[in-house]
Amino acid sequence: MSPTAAAARVLVASNRGPVSFRTEDDGSLSVHRGGGGLVSGLSAAGQGTGAVWVCAALSEADRTAARDSPSGRIDLAGHDTGDLAVRMLDIDPGTFARAYNAIANSTLWFIHHLLYDTPGKPVFDGRFRKEWASYEAYNSAFAHALAEEAAEGAQVVVQDYHLTLTPVLLRRLRPDLRIGHFSHTPWAPPDYFRLLPDDIAAAVLEGILGADRAGFLTRRWAGAFLDCCEQVLGAAVDRTAMTVTHQGHTTAIGVHGLGADADFLRERASRPDVDARLAALREAVGDRKVIVRVDRTELSKNIVRGLLAYRDLLRGRPEWHGKVVHIAFAYPSRHDLPEYREYTAAVQRIAKEIDDEFGTDTWQPLILHVNDDFPRSLAAYRLADVALVNPIRDGMNLVAKEIPVVSERGCALVLSREAGAYEELGADAIVVNPFDVSATTEALHEALSMDESERVERTKRLAAAATALSPQQWFLDQLDGLR
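Residues numbered from 1 in each chain as written. Predicted model: local features only at pLDDT ≥ 70, side-chain atom pairs only at ≥ 80, totals over all residues. Heavy atoms only, no water.

### Digging into the sheet that holds strand E6 (residues 150-159)
Argument step 1. With respect to topology, nine strands assemble into an open sheet ordered E5-E4-E1-E6-E7-E8-E11-E10-E9, the strand pairing being mixed. Both outer strands of the open sheet, strand E5 (85-89) and strand E9 (236-238), are each paired with one neighbouring strand and no more. Pairwise comparison of adjacent strand axes, ignoring direction, gives a mean angle of 20° for this sheet.
Argument step 2. Pairing of strand E7 (residues 178-183) with strand E8 (residues 213-216) involves four bridges; the strand directions are parallel. By the bridge assignment, Gly180 is partnered in E8 with Arg213.
Argument step 3. Against the sheet, helix H8 (residues 219-233) makes contact with E8, E9, strand E10 (243-246) and strand E11 (249-255), and its axis sits at roughly 155° relative to E11, the strand it touches most. (Pairing = 2+ DSSP bridges. Helix = DSSP H or I, 4+ residues; strand = E, 2+ residues; numbered from the N terminus. Axes fitted to C-alpha atoms, helices over the stretch in contact; angles between N-to-C directions. Contact = heavy atoms within 4.5 Å.)

### Here we look at empty space enclosed by the protein
Argument step 1. Here the structure, examined in full by the defined rule, presents three cavities of 30 Å³ or more.
Argument step 2. Approximately 60 Å³ is the volume attributed to the largest cavity.
Argument step 3. Along its surface, the largest cavity is lined by Val157, Gly180, His181, Phe182, Arg213, Ala214, Gly215, His256, Gln478 and Leu482.
Argument step 4. When residues of the lining of the largest cavity are traced back to their parent elements, those giving at least two are E7, E8 and helix H18 (471-482). (1 Å grid on protein atoms, 1.4 Å probe; cavity = no way out; pocket = protein on both sides within 12 Å on 5 of 7 lines; lining within 4 Å. Points joined across faces, edges and corners; volume = space filled by probe spheres on them.)

### Thoughts on unusual backbone geometry
Argument step 1. At the junction of Lys121 and Pro122, the peptide bond is cis and its omega measures out at 5° in the coordinates.
Argument step 2. Here Pro122 lies in the loop between helix H3 (93-112) and helix H4 (126-149).
Argument step 3. We note that Asp160 has phi near 80°; this positive angle belongs to a residue other than glycine.
Argument step 4. With respect to the helices and strands, Asp160 occurs in the loop between E6 and helix H5 (166-173).
Argument step 5. Here Asp160 falls in the buried class, since its relative accessible area comes to 11%.
Argument step 6. For Gln247, which is not glycine, the phi dihedral falls at a positive 55°.
Argument step 7. In this structure Gln247 comes out as exposed when scored by relative accessible area, which is 67%. (Buried < 20%, exposed > 50% of the residue type's maximum accessible area, 1.4 Å probe, protein only.)

### Observations concerning helix H9 (residues 262-269)
Argument step 1. What H9 keeps buried is the set Ala262, Leu265, Arg268 and Ala269. Within H9, the buried residues cover an arc of 145° as seen down the axis, which keeps them to one side.
Argument step 2. Turning to H9, the residues buried within the fold contact helix H10 (272-285), helix H13 (374-383) and helix H14 (398-406). (Arc of directions from axis to C-beta.)

### Focus: the pattern of salt bridges
Argument step 1. The tally for this structure, following the rule as stated, stands at 38 salt bridges.
Argument step 2. With its nearest N and O atoms 3.3 Å apart, the salt bridge here joins Asp90 to Arg67. Of the two residues, Asp90 is situated in the loop between E5 and H3 and Arg67 in helix H2 (residues 60-67); the sequence distance between them amounts to 23 residues.
Argument step 3. A relative accessible area of 35% places Asp90 in the partly exposed class.
Argument step 4. The salt bridge partner of Glu423 is Arg219, with a shortest N-O separation of 3.6 Å. Highlighted residues: Glu423 in helix H15 (residues 422-425) and Arg219 in helix H8, separated in sequence by 204 residues.
Argument step 5. Judged by its relative accessible area of 59%, Arg219 is exposed.
Argument step 6. Overlapping salt bridges bring together Arg73, Asp75, Arg87, Glu148 and Glu149 as one network. (Salt bridge = Lys/Arg side-chain N within 4 Å of Asp/Glu carboxyl O.)

### With respect to the sheet that holds strand E15 (residues 386-389)
Each strand in a sheet pairs with its neighbour through backbone hydrogen bonds, running either in the same direction (parallel) or in the opposite one (antiparallel).
Argument step 1. Sheet architecture is open: six strands sit in the order E14-E13-E12-E15-E16-E17, paired in parallel fashion. A single partner strand is all that each edge strand has here, and the edge strands are strand E14 (366-369) and strand E17 (430-432). Geometrically, the sheet is characterised by an average inter-axis angle of 15° between neighbouring strands, direction not taken into account.
Argument step 2. Note that E15 and strand E16 (residues 412-416) share four bridges and pair parallel. Looking at the pairing, Val389 lines up with Leu415 of E16.
Argument step 3. Relative to strand E13 (residues 324-331), H10 is tilted by about 135°, and along the sheet it contacts strand E12 (289-296), E13 and E14.
Argument step 4. This element, H14, spans E12, E15 and E16 of the sheet and lies at about 170° to E15.

### Focus on the state of the cysteines
Argument step 1. All chains considered together, the criterion is met by zero disulfides.
Argument step 2. Cys229 supplies the cysteine sulfur nearest to Cys228, a cysteine that is in no disulfide, at a spacing of 7.1 Å.
Argument step 3. For Cys228, a relative accessible area of 0% translates into the label buried. (Disulfide = S-S within 2.5 Å.)

### Digging into the packing of aromatic side chains
Argument step 1. Counted according to the given criterion, the structure contains 15 aromatic pairs.
Argument step 2. An angle of 55° between the planes, with centres 5.5 Å apart, marks the rings of Trp109 and Tyr161 as tilted. Note that Trp109 is positioned in helix H3 and Tyr161 in the loop between E6 and H5, a separation of 52 residues in sequence.
Argument step 3. Each member of the aromatic cluster is reached from another via a ring pair, and the members are Phe96, Tyr100, Tyr138 and Phe142.
Argument step 4. Lying over the aromatic face of Phe329, Arg376 brings its terminal NZ or CZ to 5.0 Å of the ring centre. (Phe/Tyr/Trp six-rings, centres within 6.5 Å; stacked < 30°, edge-to-face > 60°. Lys NZ or Arg CZ within 6 Å of the ring centre and 35° of its normal.)

Following this line, the structure appears as C-alpha cells:
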C-alpha cells in the first residue's frame, strides 16, 4: 500500500478495471473509463466509501501508467478514475498472457460453456502445467495486493473465472477479511467439469471455497457448483441452507441475477449520437420489420446458427422477402485465439452468402457490422421488432435484458433456454433450443408475426423483470451478504 493511501474497508478485484490507458501520438497517456454492468454497479457502490478496485494492466500503456504510479495506485498519480481508488497490477506480460489466454479464456471459459471439441481438445500436458503455474502467479499477485490494501476486517469481492484461486490465497494471507467471489459465467456440471485434471479441478473449487460467500447469476449455476463441490471434493453440501463445508471452512452460496441499468440505458439511448445512428439505420431499413442481435463474436454466442436460422426463414417463407431486415452486430472478441478468428470469419462468410442469395437492388436482407459502436447498438435496440438472443450457454446475457428496456415499439424476444436470463425472462420470451436451427427459424417467424399489442405488453413485463436488480443493488447485496 502506498504510504499516502488509507487502508480500504471495501475492495473489488477483477481482471479488467474501470479505466484503461492509451498512448497518444505525442507519447502522453490518455485515460478512458470503461462501461458495462460491473463498472456501473461497482463504481456507484464504491464512490464515497473509500473502496479500492484492484485490476490488471492489460496493455503496454496500462503497464506504463501502473509503473509510474505509487504502488500502482493510479488515482494517486493524478489520473481521472471517476472518484475511485484504483490499483493496477503490472504483471509480467508473458505470465499475464498464459494466465489470461491459455487458462482463463482457453480452459476455464471452455469448460464452463461446454465448448470443447473433445476428440481433439483439451490436452493437459507439460505446456498446460506451465500455463497453470502462470495462472497461479497471476492470482497470487492479486491476493498480495488485496492483502496490502485492506483494512482490518475489510470486505473483499473478487470477480469471475480469472480469479478463482484468489479467495483461498487471500485467506491464507489475511484470515481477518470477509471475502466474496462472484462468477459471471455459467458453472459446468460435474461430468464436464471433470475434464480438468483432478488436482486442477480441486484447486479451482477450493480456491472459490476460500471465500466466505460465493455468488452466481442463477440458481442453475449455483446448483452446478454445489454438485461439483460434492462430487469432486466430497464436501458437505447443504442445499437448503445453500452452504458448502470443506476442510473445516463453510462457504455460503448466493444468487444475484444482475439486471440492466435502466436509468443509464434510457438516458444514454436518447443522446444525439444515438439519434444520428438511428436515423441512418432507419434509412437503410425503410418500413420493414427488424430483427436485431448484438454480440461479441464469442463461440458461446451462437451467431452462426442464428444466421442459418434467418437464411432458412427467407428460404422457407418467401412472404418475408423485402419485408424484413436482420441487423447483426458481431463485435470482434479475443482475436488472440485462433478459434475466435475463425469464428468471426465464418460469421462474415455466411452473412455474405445471405446477401448474395436474397439481396436485390432495393432490399438488403442483412446488415452486418463487426466494428464496436455502442451508440449504434443502442440505436438498434430502439429500432428492434424482434431481438434474437440464442447463446449456446451464457451466464446471464445482458443484451436480452437491455433491448426490452430501450425498445420504442415493443420487441418480441427470441431467447435461448441456455441463457441465464431465461430464468427471469422465459415466461414472456419465445424460447428456443439454441442448437435447433429449424425451431429458431419458426421462432423468428412467430416473433415477426406477433400482434403489436401482445408484443408491447410482453416488452413491458420483460423490461420490469430485466431491471428488477440494478447493478448498484446487485453489488450492495453481495456486500450485505458478507456482513
